[in-house]
Amino acid sequence: MKPLKHLAVVTLSLLFCFSAFADKLKVGFVYVGPVGDHGWTYMHEQGRLAVKKAFGDKVETTFIESVKYGPEAETVIRAMANSGTDIIFATSFGYMEPMLKVAKEFPNVKFEHATGYKTNDNMSVYSSKFYQGRYIQGVIAGHMSKNGKAGYIASFPIPEVIRGINAFYLGATSVNPKFDIDVVWVNTWYDPVKEADAAKVLISEGADIITQHTDSPAALQIAEKAGVMAFGQASDMSEFGPNAHLTAIINGWAPYYVKRVQQAMDGTWKGGEQTFDGIGAGMVIIGNMSDKIPANVRKEAQDLADGIASGDIHPFTGPVNKQDGSPWLASGETADIGTLLGMNFYVEGIEGDIPQ
């Protein structure tokens with residue numbers, strides 16, 4: 001009964017909040033983690049705050065945090081739609097099916113889903129080319145690791161995460177062909193205990209650089225204590241491990257949210273659209289690089305970022321084989337968007353299996 005009571009409170013709270021602001025554009029956000037995770041959800045929350053700053057009293061924004069996938073997500077999204085929300089952003093892959101179902105029930109509401117691939121006449125999707133930043137981190141790791149080995153803490157086996165693992169590995173092996181990574185799947189976006197435990201295991205197995213596709217700074221804190229290096233996730237996490245932190249991939253959601261809310265206001269918003277942007281559009285930002293990274297490596301990383309932003313460099317450029325040795329990209333060939341968005345395989349050289 002507790003989950004039902006929780007959902008009832010959420011629904012009633014939304015009804016109250018939205019009824020009080022009938023003359024404003026109502027913007028809702030559904031978050032998978034807590035706004036204080038210092039990672040994924042934290043950066044979406046910065047995007048919401050940017051919307052408030054940009055439009056002031058023309059908008060009323062609200063959010064629900066730590067929403068579980070499945071029935072709870074569907075209930076929360078439907079409550080927002082039913083309460084007069086004009087545009088709803090659901091910010092995690094697992095919200096795709098619930099949002100699609102609700103979108104078909106509310107044709108006059110605008111729906112936006114992060115990291116998914118299914119659209120509707122009134123539902124668009126948006127994602128970021130995080131793999132661009134992970135390739136650059138891989139290059140830095142290839143230069144910095146004394147052991148030639150990194151530990152990678154992965155959340156769920158979805159294309160977004162698999163793309164990042166592959167890009168990081170390709171970046172590292174472009175510098176050190178013998179570079180190795182160990183991947184630990186924790187099956188959560190945010191669980192500081194699990195993330196910390198995974199970091200400890202990876203360090204015990206010889207990794208002297210830790211990277212992650214999870215949202216808390218716990219792994220970075222473990223790296224700090226162990227005297228190894230690490231990368232921040234989604235935001236600059238240097239305050240949690242000033243000696244360990246090399247740089248971070250910073251998620252730049254704010255410009256997209258401001259743009260789409262503006263379009264909702266002026267009547268130019270369109271459903272069925274797919275946005276997949278990266279460094280060039282400011283959706284992926286390479287954070288400040290530690291002075292521990294040699295100047296020549298910092299310059300190489302910045303040159304890579306500039307080349308990726310201009311389109312001159314693509315992290316997935318052949319020759320690249322799949323893990324089983326079968327050809328994927330011929331020499332000079334770059335990966336198409338469809339393959340990247342549906343990626344379900346490791347590239348050659350990565351050991352271990354992707355969980356099913």
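In case you missed it, the structure is sitting above this.
Scoring rules and cut-offs
Residues numbered from 1 in each chain as written. Predicted model: local features only at pLDDT ≥ 70, side-chain atom pairs only at ≥ 80, totals over all residues. Heavy atoms only, no water. Pairing = 2+ DSSP bridges. Helix = DSSP H or I, 4+ residues; strand = E, 2+ residues; numbered from the N terminus. Axes fitted to C-alpha atoms, helices over the stretch in contact; angles between N-to-C directions. Core = buried A, V, L, I, M, F, W, Y, C linked by side-chain atoms within 4.5 Å. Buried < 20%, exposed > 50% of the residue type's maximum accessible area, 1.4 Å probe, protein only. Contact = heavy atoms within 4.5 Å. Salt bridge = Lys/Arg side-chain N within 4 Å of Asp/Glu carboxyl O. Parallel < 35°, antiparallel > 145°, perpendicular 65-115°, else oblique. Left-handed = near helix turned anticlockwise from the far one by under 90°. Nonpolar A, V, L, I, M, F, W, Y, C, P; charged D, E, K, R; others polar.

Asks: Give a detailed account of the sheet that holds strand S4 (residues 110–114), specifying residues and quantitative values.
Replies: The strand order across the open sheet formed by 6 strands is S2-S1-S3-S4-S5-S11, and the pairing between neighbours is parallel. Edge positions in the sheet fall to strand S2 (59–64) and strand S11 (274–277), since each has one partner strand and no second. Each adjacent strand pair in this sheet contributes to an overall mean axis angle of 15 degrees, direction not counted. Relative to S11, strand S5 (residues 123–128) runs parallel, the two sharing 4 bridges.

Asks: Please set out the nonpolar core residue by residue, giving values where relevant.
Replies: One finds Phe111, Ile140, Ile165 and Phe316 to be the most contacted residues of the largest nonpolar core, which totals 94 residues. Once residues lying within four places of it in the same chain are set aside, the contact partners of Phe111 are Ile77, Ala81, Ile88, Met99, Val102, Ala103, Phe106, Asn122, Met123, Ser124 and Trp269. Judged by nonpolar contacts, the second largest core, of 19 residues, contains Ala219, Ile222, Ala223 and Ala230.

Asks: Provide a residue-level description of the sheet that holds strand S12 (residues 284–286), including the pertinent values.
Replies: Strands belonging to one sheet form pairs held by backbone hydrogen bonds; the direction of such a pair is parallel or antiparallel. Pairing is mixed across the open sheet formed by 6 strands, whose spatial order is S7-S6-S8-S9-S10-S12. Every interior strand has two partners, whereas the edge strands, strand S7 (180–185) and S12, have only one. Across the sheet, the axes of successive neighbouring strands diverge by a mean angle of 20 degrees, strand direction being ignored. One ladder, built from 4 bridges, connects strand S6 (residues 149–154) with strand S8 (residues 209–212); its direction is parallel.

Asks: Account for the pattern of salt bridges, naming residues and giving values.
Replies: Working definition: two side chains of opposite charge can pair if their charged atoms are close together. Enumeration over the complete set of coordinates arrives at 9 salt bridges. Linking Arg260 and Glu112 is a salt bridge whose minimum nitrogen-to-oxygen distance equals 2.6 Å. On the criterion of sequence distance, the pair formed by Arg260 in helix H9 (residues 254–266) and Glu112 in strand S4 is long-range, its members being 148 residues apart. Since its relative accessible area comes to 2%, Arg260 is described here as buried.

Asks: Give me the lowdown on the packing of helix H3 (residues 71–82) against helix H4 (residues 96–105), citing residues and values where you can.
Replies: Close contact between H3 and H4 brings their axes to 9 Å; oriented N to C, the two are set at 30 degrees. For the element pair H3 / H4, the angle class is roughly parallel. The interaxial crossing formed by H3 with H4 has right-handed handedness. Where H3 approaches H4, its residues Ala73, Glu74, Ile77, Arg78 and Ala81 are matched on the opposing element by Pro98, Met99, Lys101, Val102 and Glu105. Tallied by class, the residues present in the contact of H3 with H4 amount to 6 nonpolar, no polar and 4 charged.

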